[in-house]
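Structural overview for review
One letter stands for each residue in the lines below.
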Amino acid sequence: MAAAASSSSSSLYDVLGIPVSADGNEIKAAYRRLARTCHPDVVATNQKEMSANEFIKIHAAYSTLSDPHKRANYDRALFVMRKRPVGSFSSSSLSSGPMGSMSRFNGNFTNRNWETDQCW
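Please read all numbers here as calculations on a predicted model, not as lab measurements. (Residues numbered from 1 in each chain as written. Predicted model: local features only at pLDDT ≥ 70, side-chain atom pairs only at ≥ 80, totals over all residues. Heavy atoms only, no water.)

As a further point, take the overall build of the protein chain. Within the protein chain, the secondary structure is distributed over 5 helices and 0 strands. Shown N-terminal to C-terminal, the secondary structure of the protein chain runs as helices and strands in the order α-α-α-α-α. Here the protein chain holds 120 residues, and the buried ones make up 34% of them. Restricting the contact set of the protein chain to residue pairs at least 6 apart, pairs at least 24 apart contribute 61%. Per element, the accessible surface of the protein chain, about 7,400 Å² overall, is 55% carbon and sulfur. (Helix = DSSP H or I, 4+ residues; strand = E, 2+ residues; numbered from the N terminus. Buried < 20%, exposed > 50% of the residue type's maximum accessible area, 1.4 Å probe, protein only. Contact = heavy atoms within 4.5 Å. Areas by Shrake-Rupley, 256 points an atom, 1.4 Å probe, with all protein chains shown as cover.)

As structure tokens, then:
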């Protein structure tokens, strides 16, 4: 499995293994590279569940970072989280992280279409 998609990643950029300054082509290339190794359809049978969880994280990162509006909201939330002094975190900000605070801004994720966003 790709180490970039570990659960200890601090940002979506870390999940995809790209710099914050990455452009759309770099984001897409990183997603495709990770999808080729982590997609549940291409891993061994005994690793499918772990792979599915990793792929969901990878796809969520790609979905957010490839959309300019979602990326701008995420970057703002990430900047606020990183700028805040260590002692000023509330329990809700620690549990939700940048994605949790972002979800309050752009609302629903009901129209996710990872089945149609084929990366092959």
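Another aspect to go through is the pattern of salt bridges. Tallying each qualifying case throughout the model produces 1 salt bridge. A salt bridge links R71 to D75; its shortest N-O distance comes to 3.9 Å. Of this pair, R71 and D75 both sit in helix α4 (residues 68-83), separated by 4 residues, roughly a single helical turn. (Salt bridge = Lys/Arg side-chain N within 4 Å of Asp/Glu carboxyl O.)

This brings us to the nonpolar core. Ranked by size, the top nonpolar core spans 19 residues in total, and within it Y13, L16, I18, I27, I58, L65 and Y74 carry the most contacts. Taken together, the elements giving at least two residues each to this core come down to α1 (12-16), α2 (24-38), α3 (48-66) and α4. A total of 6 residues in this core trace back to one element, the largest contributor, which is α2. Among all residues touching L65, those that are not within four sequence positions of it are L12, Y13, L16, I18, I27, R71 and Y74. (Core = buried A, V, L, I, M, F, W, Y, C linked by side-chain atoms within 4.5 Å.)

At their nearest, the axes of α3 and α4 sit 5 Å apart, and the two run at 100° to each other. Taken as axis vectors, α3 and α4 run roughly perpendicular relative to one another. In this structure, α3 uses S63, T64, L65 and S66 to contact α4, whose residues at the interface are P68, K70, R71 and Y74. Among the residues forming the contact of α3 with α4, the class breakdown is 3 nonpolar, 3 polar and 2 charged. (Axes fitted to C-alpha atoms, helices over the stretch in contact; angles between N-to-C directions. Parallel < 35°, antiparallel > 145°, perpendicular 65-115°, else oblique. Nonpolar A, V, L, I, M, F, W, Y, C, P; charged D, E, K, R; others polar.)

Turning our attention to the packing of aromatic side chains. Throughout the structure, instances matching the rule amount to 3 aromatic pairs. Note on Y31 and F55: the rings are 6.2 Å apart at their centroids and 35° apart in plane angle, and the pair reads as tilted. Of this pair, Y31 sits in helix α2 while F55 sits in helix α3, and the two are 24 residues apart along the sequence. Exposure class is identical for Y31 and F55. Each is buried. (Phe/Tyr/Trp six-rings, centres within 6.5 Å; stacked < 30°, edge-to-face > 60°.)

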